[in-house]
Every structure is written in C-alpha cells, then in structure tokens.
Protein chains: 2
Amino acid sequence: MAQTGDDRDAKARSLDASLHEQLYYQLYSILFEDIVNGTYPVGEQIPSETELMERYSVSRATVRRSMEILVNNGLIVRRRGRGSQVVSSKPATALKSVGSCIKRTHPDRVVPVKRVVSAQIVGAEGTAARELGVEEGRELYRLERIRCSAGVPYYLETIYLTRDFAPNALDHDFSGESLRAYYANILHVRWTHARQRVSARAADARCAGLLGIAEGSAILSVDRTSFDHDDIAREYMTSLYRSDQFYLDMSLEA
Amino acid sequence: MAQTGDDRDAKARSLDASLHEQLYYQLYSILFEDIVNGTYPVGEQIPSETELMERYSVSRATVRRSMEILVNNGLIVRRRGRGSQVVSSKPATALKSVGSCIKRTHPDRVVPVKRVVSAQIVGAEGTAARELGVEEGRELYRLERIRCSAGVPYYLETIYLTRDFAPNALDHDFSGESLRAYYANILHVRWTHARQRVSARAADARCAGLLGIAEGSAILSVDRTSFDHDDIAREYMTSLYRSDQFYLDMSLEA
C-alpha cells in the first residue's frame, strides 16, 4: 500500500532519538517553526506540557527545556497553571528586515511615463473596504495607473482613498502630477507606518492585457495599507509588477 | 500613425507647467523614482545641472531646488564642480521595513514534515557560486528539502554551503535534524546579516512536480545569502513557496 500523507505526518510526530541533536532541540525546532509560520498565532496558546509529552513521547524535563528556549527567543510567555501563550512570531535571535526596496531587474535610463488607466469614485468592497476600515458601499476614490518605459509597461498600481479624505482627488491628473506631492502638500498627510503583503499570483486577463504579458504569467503583487499619525488607514494600494522586470530587494540584520 | 513608445517617452521628457505642483517638484519626483528604482545606482552620478536644464527645459534654479530635496532625503551628495553622486537608494523620509515574515495563507495545526529530496556534493555554478563568492567548480554541499503538511507539499528549499565550511554535512539527515541547530551547535556559526531577493516566477516542470502544482503556476521565490561574523557569505538558500499557501508579511515604519 502506498504511504499516504497522513502516515507521513503520523510518523513525524515522534522525535528521533538517534539524531545528533538533542530531543529538546528537535521539539523546540518544531514549535519554533509553527509559531513563526503562524500555525500558532500570536495571542493563542501552544499545546500544554502534558499534551506535548504525550504527542512526542518525551519527558516533562525535555518539554520544559524546549519551552525555555522559546521564552528566551521572546516567542512565548509561560503563566503558572495557564499554559504558554504566543506573544510574538518574530524570534529575537532571527535576522530582522531593516530595509526593502522594489528594484528593476534590468535598470535603464529611459524617462518613465505614468498613464492613468482609470480614476473614479467606486463603492468600497472586499479587501479595500476591510483594509481602510470602512463599511461596504462607502465612497472611495480609486486610481489605476500604469508605469511604462520605452513603451514597455512595467507595473499596474491601484490606489484607494476614502472620498471624504481626498474630496478633490478627481480634479487632479496623476499621470503627470506626483501622488506623493499631493499627499504631502495638499492633503498634508504624514505616513507613520504601513503593513505590506508580498505575494506571487497569476495575471488575470485584464492585468495581462494592461501589462502586455500572457494571461497566467507570474506577477509580483505588493499590497500596502498606510497609516497616518492618527493611526488611521488612509491609503490602500495594490501594485502588480511584471516579474521579468522587478523584484523586492531586502536587507536583514541581527 | 500610431503613437509609439518612443514618442510617448519623448513627450514625457518635458515637465507640465499647467500642473498644480511646481516644476521643481515634478523634476524631483522623476529623479527620486529613478534613484529608488536603481536606474541611477548608488555610487554613480545623476545627470549634470546643465543636462537636466536642457532635457526638461527648466531654469538652473528649478534644477537646484529639486536637487536640494534629494540631498535632504539623503539620496545624493553634491560636489562642487564634480556633479551629484547617488549615495543611497533609500530615502530618509520613506517608510522603512522593520520586520518581515513568511506567513501561511491558511494556517493549520498539522505537524509539518520535512522530506529530503537530495543531498549531495556539486560543483559551484551560476548564482550559487556568485553569491557564495567562490569560483565555478568549487565543491558545494547542496541540500534540497520539501516541507509538507497533511500530505500537501508547501515549499521547496535548496541550500548551498561550501564543502570546506560544512565538511560533515552529508553525515546528517536533515529530514529530521534541524539545520538551524546544526549551524548553531556544530558549525558554531552566528549570522550577522543577509541579503534577500523576493520575486515571482513560473514553476518549472521539476519544481511543479515536487510541489504538486501545474507547471507554470506562479510561485513566490525567496533567495537569501547569509553572512557570518567575519562578513563571509556562508549560506545561499533559495526557497520556492506555493503562492496559494504563503505570502511575505512586512511591517514598515517611519
């Protein structure tokens, strides 16, 4: 009989005493990865000592030792009689991202052009409504732009602002005018933080048409929600980059 | 006659005096984006004042004013009689990446399994040789692993180490043993920094087969080169994530 996925998972539930590394380190590694990967999200509990002892057939001392490293790594806090709670998914000892930048794969010196695909008022829905923290149907200004260089389209960006935050946005032509200058000089917004989600996806027919690539091509997608000094989400932007033209460059430090 | 890409670029070379925003800000925006996107890389010069005056039909005062903002943003330094040199591609006023983490799109609590696809000594070539700073043909230890959960493969990682750095790597079974523990406890390496390149690509036949997805599917690719306390590149790793299972989560701050 072929080995199924479930068999394999069941097998992995036991640690391997023959390995060079200690059992506590094996258990620590499993829990570490599950916390970092979000299997055990921040705020939730990891299994109890007794549960881990049974699941991995190890002693309480082994479980405790692996927990200690998780505590030292700043990932969990232990509360007497109340189990261990995940408090961070970013280990204190891991390299931290200290900078990132979208870069051209093959930089050139051609002056780039921005083209407005559409600029209109739309009803909030889905991710844009959720990220901007507004109810569905709320009026949003939506701007779609393409950036080209030497006639080659590079990326498609879609920007959402609530209409009452940017009431005159439709009066501006953001093919020439800088959105950054509009934010700084007209809306007087100063960004304090943002969250960003980077993923790969297949280009749908419309995106492929606008970017001049085949439908289904891999594109690099960067979704960003930016917050102002009052901690209000003011801008939600999705940028779809041709993967043959752009990558995200990051530097990490201890 | 249809407008060609070159016509459009030629048109874009002139600034638009009718826009709300000042000419110096338009010019600043163009140069800003070109520096951030790597069109003008760190260490190189941007065009001279005279060149910019001619190219954009603006006064020397306008050029100087846009340069001043670039200087304030920490992107260029101006040297009397020697032009303006790019010194950073990361503007001081931009939001900075302060954390990043690969996250599961749909976290579950199944104990994950690592499976070794291959572990062998290979001759260095291409990106691995370049990133590890060794000549082509140098002996490298190469490990390919797949991570699965409930029988579903999630990502494929390929790790390269120089053989003389990790002479006994082949004696270890990294399907059970933790690579992190091996680095820390056996090789005694401490990572100080890393550079990382995140991109989208289409899965080739082999990768698609191993990850159980259709050939050509969009995958999220993370290439990382990690440096030890002697600033020597010790590990080059490429991780290919199924895009339906993983994304990169980033937080940015002012």
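Computed from a predicted structure; not experimentally measured.

1. Points about the relation of the copies chain A and chain B
- By a simple turn and slide, chain A fits onto chain B: the slide is 0.0 Å along the axis, the RMSD is 0.1 Å, and the turn is 180°. Taken together, the rotation and translation describe the operation of a two-fold axis.
- Mapped onto chain B, 100% of the interface residues of chain A are again interface residues, and the two copies thus contact each other with one and the same surface.

2. Considerations on the interface of chain A and chain B
- Opposite the 83 residues of chain A that make contact, chain B presents 84 residues.
- Buried area between chain A and chain B, both sides added, is near 7,000 Å², and the carbon and sulfur share of it is 53%.
- Summed over the shared surface of chain A and chain B, the number is six salt bridges.
- Of the charged contacts in the structure, one is a salt bridge between Arg147 of chain B and Glu33 of chain A, with a shortest N-O distance of 2.8 Å.
- Seen at the junction of chain A and chain B, the total is 14 residue pairs in polar contact (both at pLDDT 80 or more).
- With 12 residues, the single largest contributor to the side of chain A that touches chain B is strand S7 (residues 191-202) of chain A.
- A per-class count over the side of chain A that touches chain B returns 35 nonpolar, 24 polar and 24 charged.
- Pairing analysis gives six bridges linking strand S10 (residues 246-253) of chain A to strand S7 (residues 191-202) of chain B, with the strands arranged antiparallel. Residue pairing in the sheet places Leu252 of chain A in a bridge with Ala194 of chain B of S7 of chain B.

3. Description of helix H3 (residues 49-56) of chain A
All names here are of chain A.
- Looking only at H3, the buried set comprises Glu49, Leu52 and Tyr56. Taken down its axis, H3 places every buried residue within 65° of arc, on the same side.
- As for H3, its buried residues are in contact with helix H2 (23-36), helix H4 (60-72) and strand S1 (76-79).
- Just past H3, the residue Ser57 takes up positive phi, approximately 50°.

4. What about the pairing of S1 of chain A?
- Relative to strand S2 (residues 83-86) of chain A, S1 of chain A runs antiparallel, the two sharing four bridges. By the bridge assignment, Arg79 of chain A is partnered in S2 of chain A with Gly83 of chain A.

5. Some points on the pattern of salt bridges
Residues and elements named next belong to chain B.
- Per the stated rule, a full pass over the model turns up 34 salt bridges over all chains.
- Of the charged contacts in the structure, one is a salt bridge between Asp228 and Arg234, with a shortest N-O distance of 3.0 Å.
- Assessed through its relative accessible area of 4%, Asp228 is described here as buried.
- The exposure class assigned to Arg234 is partly exposed, which follows from its relative accessible area of 21%.

Thresholds applied
Residues numbered from 1 in each chain as written. Chains lettered and ligands numbered in written order. Predicted model: local features only at pLDDT ≥ 70, side-chain atom pairs only at ≥ 80, totals over all residues. Heavy atoms only, no water. Least-squares fit on C-alpha atoms with pLDDT ≥ 70 in both. Contact = heavy atoms within 4.5 Å. Buried area = accessible area lost by both parts, 1.4 Å probe. Salt bridge = Lys/Arg side-chain N within 4 Å of Asp/Glu carboxyl O. Polar contact = N/O pair within 3.5 Å; in protein donor to acceptor, adjacent residues only side chain to side chain. Helix = DSSP H or I, 4+ residues; strand = E, 2+ residues; numbered from the N terminus. Nonpolar A, V, L, I, M, F, W, Y, C, P; charged D, E, K, R; others polar. Pairing = 2+ DSSP bridges. Buried < 20%, exposed > 50% of the residue type's maximum accessible area, 1.4 Å probe, protein only. Arc of directions from axis to C-beta.

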